[in-house]
Amino acid sequence: MLQPVNDITAIQNYSGQYAPSIIRAITEQLSVADDMYVIRNLTAPRKLWRYVANKGLRPIDTSVEDTTREQGKFSSRTITPKTGMKILKVIPEELRQTFLSEQLDPNAKEYPQGFSQYFWEEQGKALAEEIELNVGDSFDPDDIAAFDAADTYTVGEIVKFTRSATDGEEFFECISATTAAQSPTTHPAKWENANARCVVKGICTIVKEERTAGNLAGNVINTGAITNTNALTVIDGSMWDAIPEKVKKVGVTFYVSHSVFNKRVKALRQVKNDGTYYTEAEVKELRNQIIDSNGKGVIKACSWMGESQLIIATIKDNLVMGTNQLSDFNSIGKMVETLHGYKTILKMILAFQVQDLSVLFVNDQN
C-alpha cells in the first residue's frame, strides 16, 4: 500500500488562527563543492592527468648533444560520474481538509501559494543535506552485493534489496547483527535505509581504499585515536612534521570532521590554561592554522566528513568533485501529470576523486 505524500496529521481539521509563516527545518548547506576543485560539466568518465618531469641537471659537457634519459612521465586517475535521483509526488487535494485549502482550487495541480514555496525550498535543502552528510563515506552502488538469505550480516554491512516493487532495488545497512534469512522485510528493525550512502563513491571511501591498498605508502601518519589531550601533538606535530618541506611551501589544507576540529580547539585552550601565554586573538587565529606553519598549514572543519576521525591533508585542488551543474541539485526534471497532480524528479550527477596521491597525507583512523 502506498504511503501518503506528506504527513499532514498536525494540520488536519485545524480550526482557529495560525502564524503566517512555517518554521524551516535546520539543514546542512552543500559546502562540499567549496572544499574541492569542481568539474562542472562532467557527463562521462574523465582522466585527471599528472605529469612529473624527471631530474637531469649535470655539469656542462660540450661533447654531449643528446640524452637517453626520459624527460618525464604521465600518469592519470579516472573520475567517473554517477547519477542520483529523488522522486516527488505533488497532490494538492491532500490539503483539502486543512487551513491551506483557502487558496486551493478544486482542480489545482500545484500546492497552494502558502505552502508550495516552502515545499520546494525545503525539498531542495533536504536533498543538499543528504548529499552533504553522506558523500564522505558513501559507496559506489555497483560495489554493493545483493542480499543473500543464506548469509548472516554484521553491523555496518550494506546490501541491495528489493522491499517494494514500487521503490525498486534499494540499499540497506545492517544496524543489528542478523542470522540467516533476516532481511529488511522480515526484520526491519535490524536494517536502516542507506540509499543516500550508495549514490557515488565518496572521497573518504576513496582515500581509505587507497590507504588499505598500500598506495599511500610513506604518506600515512599514525596518530591513534584523536582526543582532547593529544590533538595538537598529532596534528600540528606528527602530521605536519611528516609532510615534505616542498609540499608545505605550496600550502596544505587539513580536512577534518567537526569532532576532530573541536578536539584540537579544546587541546589548544588547555595549553593556554596550563600557563602558555596565548591572547584570545591568537587562540582564534590558531583555531584554523597549524602552529608555527607561517600560515601554510590550514585546518578546515567539514560537515561532509561526518563524525570521522580520518584526517586528509593535501594541496589546493587535489580533491576533485565532478558534477554536471550544481544547480541540478534543486532543479525540477520532467513533470508527469496525474489525475490529482503530478510526479517529478530531481536528478544530479556526482563524482569524487583524488588527482595526485603523492601529495595526499592521511592518518591511520577512520
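Owing to the predicted nature of the structure, the values given are computational and were not obtained by experimental measurement.

K.L.:
Which residues make up the pattern of salt bridges, and what are the values?
P.N.:
Applying the stated criterion across every chain, the model contains 12 salt bridges. With its nearest N and O atoms 2.9 Å apart, the salt bridge here joins Arg77 to Glu210. Linking Arg77 in strand S3 (residues 72-79) with Glu210 in helix H2 (residues 203-212), this pair joins segments that are 133 residues apart in sequence. Linking Lys125 and Glu122 is a salt bridge whose minimum nitrogen-to-oxygen distance equals 3.2 Å. Of this pair, Lys125 and Glu122 both sit in helix H1 (residues 113-134), 3 residues apart, which is roughly one turn of that helix. A relative accessible area of 24% places Lys125 in the partly exposed class. According to the relative accessible area criterion, Glu122 is buried, its value standing at 18%. Shared partners join several salt bridges into a network, and the residues in it are Lys82, Asp140 and Asp142.

K.L.:
So what about the sheet that holds strand S6 (residues 168-174)? Which residues, and what values?
P.N.:
Spatially, S5-S6-S7 is the arrangement adopted by the 3 strands of the open sheet, whose pairing is antiparallel. At either margin of the open sheet sits one strand with a lone partner, and together these are strand S5 (158-164) and strand S7 (191-193). Across the sheet, the mean angle separating the axes of adjacent strands is 50° when strand polarity is ignored. Pairing of S5 with S6 involves 6 bridges; the strand directions are antiparallel. Residue pairing across strands places Phe161 opposite Glu170, the latter belonging to S6.

K.L.:
Give a detailed account of the pairing of strand S15 (residues 360-363), specifying residues and quantitative values.
P.N.:
Burial of S15 is two-sided: the residues Leu360 and Val362 facing one way and the residues Phe361 and Asn363 facing the other way are all buried. Two strands pair when backbone bridges link them, and strand S8 (residues 220-221) and S15 are joined in this way by 2 bridges, in the parallel orientation. Bridge pairing in S15 links Ile221 to Asn363. Bridging between strand S11 (residues 312-314) and S15 involves 3 bridges; their strand directions are antiparallel. Each residue of the ladder has a partner; that of Thr314, found in S15, is Leu360.

K.L.:
Now, about unusual backbone geometry: what can you tell me, with residues and values included?
P.N.:
Phi is positive for Asp292, close to 60°, though the residue is something other than glycine. With respect to the helices, strands and loops of the structure, Asp292 is situated in the loop between helix H6 (280-286) and strand S10 (297-301). Here the phi dihedral of Asp317 falls at roughly 70°; this positive angle occurs in a residue that is not glycine.

K.L.:
Account for the nonpolar core, naming residues and giving values.
P.N.:
Core analysis: the largest hydrophobic core is formed by 30 residues, its most contacted members being Trp304, Ile312, Leu319, Phe352 and Leu360. Only H1, H2, strand S12 (319-322), strand S14 (342-354) and S15 provide two or more residues apiece to this core. The leading source of residues in this core is S14, at 5 residues. Other than its neighbours up to four places away in sequence, Ile312 contacts Cys204, Val207, Thr253, Phe254, Tyr255, Met305, Leu319, Leu360, Phe361 and Val362. Counting 26 residues, the second largest nonpolar core, distinct from the first, contains Val247, Leu268, Ile290 and Ala313.

K.L.:
Before we move on, could you go through the environment of Asn294 and cite the residues and values that matter?
P.N.:
Tracing the backbone through its elements, the reader meets Asn294 in the loop between H6 and S10. A relative accessible area of 73% places Asn294 in the exposed class.

K.L.:
Would you mind going over helix H3 (residues 231-242) in detail, with residue names and values included?
P.N.:
Taking 1.5 Å per residue as the helical rise, H3 with its 12 residues ought to reach 16 Å, and the 15 Å between its terminal C-alpha atoms agrees with that figure. For H3, the set of buried residues is Ala231, Leu232, Val234, Ile235, Asp236, Gly237, Met239 and Trp240.

K.L.:
I'd love a proper account of the layout of surface pockets, names of residues and values included.
P.N.:
The rolling of a water-molecule-sized probe over the atoms marks out the regions of remaining empty space. Of the volumes computed, that of the largest pocket is approximately 1600 Å³. In this structure, the largest pocket is lined by 43 residues; those nearest its centre are Lys86, Ile87, Asp167, Glu170 and Asn195. Of the residues forming the lining of the largest pocket, the biggest block, 8 residues, is contributed by strand S4 (residues 82-90). Partitioned by chemical class, the residues of the lining of the largest pocket number 20 nonpolar, 11 polar and 12 charged.

K.L.:
How would you summarise a nonpolar patch on the surface if you had to cite specific residues and measurements?
P.N.:
A surface patch of nonpolar side chains, amounting to about 410 Å² of accessible area, comprises Trp49, Tyr51 and Phe74. Locating Tyr51 in the fold gives a position in strand S2 (residues 46-53). According to the relative accessible area criterion, Tyr51 is partly exposed, its value standing at 44%.

What counts, and at which threshold
- Residues numbered from 1 in each chain as written.
- Predicted model: local features only at pLDDT ≥ 70, side-chain atom pairs only at ≥ 80, totals over all residues.
- Heavy atoms only, no water.
- Salt bridge = Lys/Arg side-chain N within 4 Å of Asp/Glu carboxyl O.
- Helix = DSSP H or I, 4+ residues; strand = E, 2+ residues; numbered from the N terminus.
- Buried < 20%, exposed > 50% of the residue type's maximum accessible area, 1.4 Å probe, protein only.
- Pairing = 2+ DSSP bridges.
- Axes fitted to C-alpha atoms, helices over the stretch in contact; angles between N-to-C directions.
- Core = buried A, V, L, I, M, F, W, Y, C linked by side-chain atoms within 4.5 Å.
- Contact = heavy atoms within 4.5 Å.
- Expected span 1.5 Å × (residues − 1).
- 1 Å grid on protein atoms, 1.4 Å probe; cavity = no way out; pocket = protein on both sides within 12 Å on 5 of 7 lines; lining within 4 Å.
- Points joined across faces, edges and corners; volume = space filled by probe spheres on them.
- Nonpolar A, V, L, I, M, F, W, Y, C, P; charged D, E, K, R; others polar.
- Patch = residues over 30% accessible without salt bridge, like charges linked within 9 Å, V, L, I, M, F, W, Y side chains within 5 Å.
- Areas by Shrake-Rupley, 256 points an atom, 1.4 Å probe, with all protein chains shown as cover.

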